[in-house]
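Commentary on secondary and tertiary structure
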Amino acid sequence: DAGVIQSPRHEVTEMGQEVTLRCKPISGHDYLFWYRQTMMRGLELLIYFNNNVPIDDSGMPEDRFSAKMPNASFSTLKIQPSEPRDSAVYFCASRASAGGYGYTFGSGTRLTVV
Amino acid sequence: DQQVKQNSPSLSVQEGRISILNCDYTNSMFDYFLWYKKYPAEGPTFLISISSIKDKNEDGRFTVFLNKSAKHLSLHIVPSQPGDSAVYFCAARTGANSKLTFGKGITLSVRP
């Protein structure tokens, strides 16, 4: 298995532009999580899905952030419009509800908004 | 409001010595605790975990201790190796299918 795949690895964009981050979870995993890592807040959960349905989006900072999971093998996190304070590393993780406790993380997308 | 706290941002130890990484939590409903390790430019990877019904779990050089009354857990690495240099995240959950709440992480540096 290739693990959790995120794209792009790096994104540099100008303030005000739309940014879309992508994630392919591990096949068979029914939970998908989006986390953001910053120095100030560490790893914070933005939103998570179970069987493609959003369960908890209380961590989404503002209406500028949105996430979708149209099918079991793909999810997107969109920021529109982007702001410099959105600069962070965004991680996607997945896990299976049956067995195991931990998540498998992707390598992350480093977003820089200038 | 940080429910999982890693108050020391960094730790430096000599190769061969013990590394002790600490974590405190505030939510008494947490039933399972995990440690993740993260290298630069990679995602966090699972290291070791412990159920709230236990007070110790050991896996090779890594041991996690849980003190429920103090709401405190610690990760011991013995002996420490340069390859252990990474960011370590403490995490906790409140049920089998609940989300993981992470601390801010601690950067461990093991000096040769």
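Before reading further, recall that the structure is shown in the block above.
Report on the accompanying structure. (Residues numbered from 1 in each chain as written. Chains lettered and ligands numbered in written order. Predicted model: local features only at pLDDT ≥ 70, side-chain atom pairs only at ≥ 80, totals over all residues. Heavy atoms only, no water.)

Summing up its helical and strand segments, chain A has zero helices and 11 strands in all. Tracing chain A from N to C terminus, the helices and strands come up as β-β-β-β-β-β-β-β-β-β-β. For chain A, the C-alpha radius of gyration of 13 Å lies close to 13 Å, the compact-globule estimate for 114 residues. Summarising its shape, the C-alpha atoms of chain A cover approximately 40 × 25 × 25 Å along the three principal directions. Looking at chain A residue by residue over its 114 residues, the buried ones come to 48%. As presented, chain A carries roughly 5500 Å² of accessible surface, and 50% of it is formed by carbon and sulfur atoms. Put simply, chain A has 11 plus and 12 minus side-chain charges, and the middle of one group is 4 Å from the middle of the other. (Helix = DSSP H or I, 4+ residues; strand = E, 2+ residues; numbered from the N terminus. Rg over C-alpha atoms; globule rule 2.2 N^0.38 Å. Buried < 20%, exposed > 50% of the residue type's maximum accessible area, 1.4 Å probe, protein only. Areas by Shrake-Rupley, 256 points an atom, 1.4 Å probe, with all protein chains shown as cover. Lys, Arg positive; Asp, Glu negative; His and termini not counted. Charge placed at Lys NZ, Arg CZ, Asp CG, Glu CD.)

Residue and element names in this part refer to chain A. Counting buried positions along strand β4 (residues 31-38) yields seven of eight residues, so the element is predominantly enclosed. The loop that links β4 with its antiparallel partner strand β5 (residues 42-50) comprises three residues. With seven bridges connecting them, β4 and strand β9 (residues 88-95) associate as antiparallel partners. When the bridges of β9 are listed, arginine 36 appears paired with tyrosine 90. (Pairing = 2+ DSSP bridges.)

Residues and elements named next belong to chain A. In the sheet, strand β7 (residues 65-71) pairs with strand β8 (residues 74-79) via five bridges, with the strands oriented antiparallel. Counted as the bridge partner of phenylalanine 65 is isoleucine 79 from β8. Remark: two residues form the turn of the hairpin made by β7 and β8, two consecutive strands paired antiparallel.

Our next topic: unusual backbone geometry. Here the bond from serine 7 of chain A into proline 8 of chain A is cis, since omega is -10°, no more than 30 degrees from zero. Relative to the helices and strands, proline 8 of chain A resides in the loop between β1 (5-7) and β2 (10-13). Residue proline 79 of chain B follows valine 78 of chain B across a cis peptide bond; omega there is -10°. Topologically, proline 79 of chain B is positioned in the loop between β8 (72-77) and β9 (86-93).

This next bit is on the side chain of serine 52 of chain B. As for its placement among the helices and strands, serine 52 of chain B is situated in the loop between β5 (45-51) and β6 (56-59). Discounting residues that sit within four places of it in the chain, serine 52 of chain B has contacts with Phe30, Asp31, Phe33, Leu66 and Lys68 of chain B. (Contact = heavy atoms within 4.5 Å.)

Let us now look at the interface of chain A and chain B. Opposite the 22 residues of chain A that make contact, chain B presents 19 residues. Buried area between chain A and chain B, both sides added, is near 1600 Å², and the carbon and sulfur share of it is 53%. Across the pair aspartate 56 of chain A and lysine 99 of chain B runs a salt bridge whose closest N-O atoms are separated by 3.0 Å. If you look at where chain A meets chain B, you find six residue pairs in polar contact (both at pLDDT 80 or more). Taken together, the residues that form the side of chain A that touches chain B break down as 11 nonpolar, seven polar and four charged. (Buried area = accessible area lost by both parts, 1.4 Å probe. Salt bridge = Lys/Arg side-chain N within 4 Å of Asp/Glu carboxyl O. Polar contact = N/O pair within 3.5 Å; in protein donor to acceptor, adjacent residues only side chain to side chain. Nonpolar A, V, L, I, M, F, W, Y, C, P; charged D, E, K, R; others polar.)

Residue and element names in this part refer to chain A. Strand order in the open sheet formed by four strands is β1-β3-β8-β7, and the pairing between neighbours is antiparallel. The open sheet has two edge strands with one neighbour each: β1 and β7. The mean angle between the axes of side-by-side strands here comes to 15°, regardless of whether they run parallel or antiparallel. (Axes fitted to C-alpha atoms, helices over the stretch in contact; angles between N-to-C directions.)

Here we come to the packing of aromatic side chains. Aromatic ring pairs: the centre-centre distance and the angle between the two ring planes describe each pair. Using the criterion set out here, one finds 18 aromatic pairs over all chains in the structure. Look at tyrosine 31 of chain A and phenylalanine 33 of chain A: their rings are 6.1 Å apart centre to centre, the planes differ by 10°, and that puts the pair in the stacked class. When its relative accessible area of 7% is taken as the criterion, tyrosine 31 of chain A is described as buried. Looking at phenylalanine 33 of chain A, the relative accessible area reads 0%, which means it is buried. Grouping aromatic residues by their ring pairs yields a cluster made of Tyr31, Phe33, Tyr35, Tyr48, Phe91, Tyr103 and Phe105 of chain A together with Tyr36, Phe46, Phe89 and Phe102 of chain B. In this arrangement the basic side chain of arginine 95 of chain A is found over the ring face of tyrosine 31 of chain A, its NZ or CZ atom lying 5.2 Å from the centre. (Phe/Tyr/Trp six-rings, centres within 6.5 Å; stacked < 30°, edge-to-face > 60°. Lys NZ or Arg CZ within 6 Å of the ring centre and 35° of its normal.)

Below, the discussion takes up the environment of threonine 63 of chain B. All names here are of chain B. Looking at the element boundaries, threonine 63 is found in strand β7 (residues 62-67). Through-space distance from the C-alpha of threonine 63 to that of isoleucine 48 is 7.9 Å; in sequence the pair is 15 residues apart. Not counting chain neighbours up to four residues away, the residues in contact with threonine 63 comprise Ile48, Lys56, Asn57, Glu58, Ser74, Leu75 and His76.

So, to be careful, I would describe these as geometric facts and stop short of saying anything about function.
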